[in-house]
Amino acid sequence: MSWYKSTSLYRVPVAVDNTSGASTIDVEITVPSDFGLFWSQVATNGHDIKLADSDGITLLTWKRLSFDHASRTAVLQINDWSPDSADAIVIL
């Protein structure tokens, strides 16, 4: 898999269950509070987060449903994503 930007120091694959057969899906990602690497590296406002398609390059449009660095809570949402497969676990 390629990187969105060669200067990005960290990336984490996110597995999404799309075994329902949908060609476009909405995805909600809850970042675990005990994901120390994420919380120690992300900006306190979360504006440095990028979400990319499974090719690792194509940026996806998304929004923060919630983000609180101090309490280590974050929920990110992608609407109408067209993943690579409509019947598998896919990676973003």
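Residues numbered from 1 in each chain as written. Predicted model: local features only at pLDDT ≥ 70, side-chain atom pairs only at ≥ 80, totals over all residues. Heavy atoms only, no water.

Observations regarding the environment of Ser 85
Argument step 1. By secondary structure assignment, the location of Ser 85 is in the loop between strand E4 (73–81) and strand E5 (88–91).
Argument step 2. Separated by 42 residues in sequence, Ser 85 and Ala 43 place their C-alpha atoms 32 Å apart.
Argument step 3. Residues contacting Ser 85, with those up to four places away along its chain left out, are Asn 18 and Val 90. (Helix = DSSP H or I, 4+ residues; strand = E, 2+ residues; numbered from the N terminus. Contact = heavy atoms within 4.5 Å.)

With respect to the confidence of the model for the protein chain
Argument step 1. When pLDDT is averaged along the protein chain, the result is 91; 98% of the residues meet or exceed 70.
Argument step 2. E5 is the least confidently modelled element of the protein chain, averaging 90 in pLDDT, while strand E3 (residues 63–68) averages 97, the highest of any element. (pLDDT = per-residue confidence, 0-100.)

A closer look at a nonpolar patch on the surface
Argument step 1. A cluster of nonpolar residues, Leu 9, Tyr 10 and Leu 37, forms a patch on the protein surface that exposes about 330 Å² of accessible area.
Argument step 2. Looking at the secondary structure, you find Leu 9 in the segment before strand E1 (15–18).
Argument step 3. Under the relative-accessibility criterion, Leu 9 is labelled exposed at 67%. (Patch = residues over 30% accessible without salt bridge, like charges linked within 9 Å, V, L, I, M, F, W, Y side chains within 5 Å. Areas by Shrake-Rupley, 256 points an atom, 1.4 Å probe, with all protein chains shown as cover. Salt bridge = Lys/Arg side-chain N within 4 Å of Asp/Glu carboxyl O. Buried < 20%, exposed > 50% of the residue type's maximum accessible area, 1.4 Å probe, protein only.)

Some words on the side chain of Asn 18
Argument step 1. Along the chain, Asn 18 falls in strand E1.
Argument step 2. There is a polar contact of 2.8 Å between the side chain of Asn 18 and the backbone oxygen of Ser 85.
Argument step 3. Ignoring anything within four residues of it in the chain, the contact list for Asn 18 reads Ile 25, Pro 83, Ser 85, Ala 86, Asp 87, Ala 88, Ile 89 and Val 90. (Polar contact = N/O pair within 3.5 Å; in protein donor to acceptor, adjacent residues only side chain to side chain.)

Quick look at the pairing of strand E2 (residues 25–31)
Argument step 1. Covered by surrounding structure in E2 are Ile 25, Val 27, Ile 29 and Val 31 only, the residues Asp 26, Glu 28 and Thr 30 on the alternate face being uncovered.
Argument step 2. As judged from the six bridges shared by E2 and E4, these two strands associate in the antiparallel manner. By the bridge assignment for E4, Val 31 is matched with Ala 74. (Pairing = 2+ DSSP bridges.)

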